[in-house]
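# Observations on the three-dimensional arrangement
The lines below spell out each chain.
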Amino acid sequence: MDTVLSGIRSTGNLHLGNYFGAVRNFVKMQSDNNCYFFIADYHSLTTYPTPENLHNNVKMVLAEYLASGLDPEKSAIFVQSDVPEIPEFYLLLAMNAYVGELERTTTFKDKIRTQPENVNAGLLTYPVLMAADILIHNADKVPVGKDQEQNLEMARKFARRFNHMYKVEYFKDPEPYNFGEDLVKVPGLDGTGKMGKTAGNGLYLIDDDATIRKKVMRAVTDTGPTEPNSPVAEPIRNLFTIMELVSTPDTLLFFKEKYSDCTIRYGDLKKQLAEDIVRFIKPIRERITDIISDEDYLRKVARLGAEKARTSASKTLKDVRQIIGFRTF
Ligand code: TYM
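Now for a quick tour of the structure. For clarity, every value in this text was computed on a predicted model and none was experimentally measured. Once a new chain begins, its residue numbering starts again from 1 and follows that chain's sequence as written. Local features are withheld for residues below a pLDDT of 70 in this predicted model, meaning they are given only at 70 or higher, and side-chain atom pairs are given and counted only at 80 or more; totals for whole chains, interfaces and linings count all residues. The basis for the side-chain values is all heavy atoms of the structure; hydrogens and waters are excluded.

### A few points about the side chain of asparagine 151
Counting from the N terminus, the helices are DSSP H or I runs at least four residues long and the strands are E runs at least two residues long. Structurally, asparagine 151 is set in helix H9 (residues 149-165). For the exposure calls, accessible area comes from a 1.4 Å probe over protein chains only, and a residue counts as buried if that area is under 20% of its type's maximum, exposed if over 50%, partly exposed in between. Judged by relative accessible area, which is 5%, asparagine 151 ranks as buried. Ignoring sequence-local partners within four residues, the contact set of asparagine 151 consists of Thr107, Tyr126, Pro127 and Met130. The contact criterion used is simple: two residues touch if any of their non-hydrogen atoms lie within 4.5 Å.

Next comes the structure, spelled out in structure tokens:
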């Protein structure tokens, strides 16, 4: 049985990118694997949440996990900061991570460009903390979206480096995972790029019907195809990509054919897409609303998850300390 681990930062509500890139696979994998799914609240500190927001964001992601179908009986569902073994292991891994390689990661370079006034050390060592999350359970598979590929590469590198340095075969190679298909990148509604939390181009699992319709109707399009069978321009391709995830194959084909013969009306495309997204999100949103008010249940889930995660994490940490050479007097 494989060990599966993944997490999501608690920097805001989950959007369809998080759902289709990650959470959908968490749900599919939980019956046949030994699963750990967590809320990365330490990682969220790079964006400085207020003390109230910190906890509320964690609570929200927990409710969203459960509403999406994660089952606390099958998976360990936990909060990163409930597992003190993770920061200790992070410290040990940081000793074998080179500043040069951390500086070269795309996400770090992006941060230097977009927020030069706040390039903190937490951003630099972000991949080390992520590797600690993964390796502390010695995960085989890590279900993530396309944007996490490089972070996973770093985790594999740190795992191999540790094995090599101490001449052991302790850590396995954790693989990014998406059921034999390419990793997913869900596009945003603004015509370019991926759906993200900060870009303001996202559709959230808690969005109400009116909000969804409004966002989709405002999505960026173009002036339309002028020649039959012309390649689909990016903003429209993005809408088709989202349609592929939430609509029936017939619906998608219908609009693609209309695009090909230049009879497409973007208003109709958007109306259909909005209705399909509403149908998809509504039941999840209703479950989130129910679960979020049940503090007792959330507490029970987080406690049970932390217990399972700590059992596994403390075993790895004990082994690692032994391998490195720490001995108690
Ligand atoms: P985060 O919180 O940015 O995103 C969580 C998950 O959602 C996926 N995702 C997407 N997938 C497809 N299309 C999109 N537009 C899209 N946007 C987000 C991400 O690929 C990710 O799988 N560093 C991680 C959190 C983390 C983690 C870990 C993940 C911390 N430790 C250990 C796996 C294992 C992050 O910031 O994801």
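Past the structure itself, the notes keep going.
### Here's the deal with the pairing of strand S1 (residues 3-9)
Extensive coverage of S1 is indicated by the burial of five of its seven residues. Where S1 lies against strand S2 (residues 34-40), seven bridges are found, and the strand directions are parallel. Paired with glycine 7 across the two strands is phenylalanine 38, which belongs to S2. A crossover gets the label right-handed when its path from the first strand over the helix to the second runs clockwise, viewed with the strands pointing away from the viewer. Between the parallel elements S1 and S2, the chain passes through helix H1 (residues 16-29) in a crossover that is right-handed. Criterion used throughout: strands pair if DSSP finds at least two bridges between them.

### Focus on the nonpolar core
One recurring pattern in soluble globular proteins is that nonpolar side chains are buried together. Residues grouped as a nonpolar core are buried Ala, Val, Leu, Ile, Met, Phe, Trp, Tyr and Cys residues, joined through side-chain atoms within 4.5 Å. Grouped together as the largest cluster of nonpolar side chains are 57 residues, with contacts concentrated most on Tyr65, Phe240 and Ile277. Counting residues per element, this core draws most heavily on helix H13 (residues 266-292), at 10 residues. In terms of domain composition, this core takes at least three residues from each of domain 1 (3-185 + 295-324) and domain 2 (209-289). Setting aside anything within four residues of it in sequence, one finds phenylalanine 240 in contact with Val232, Leu252, Phe255, Lys256, Tyr259, Ile264 and Leu269. An automatic or database domain assignment provides the domain bounds reported here.

Such coordinate-based values are descriptive only and should not be taken to indicate function.
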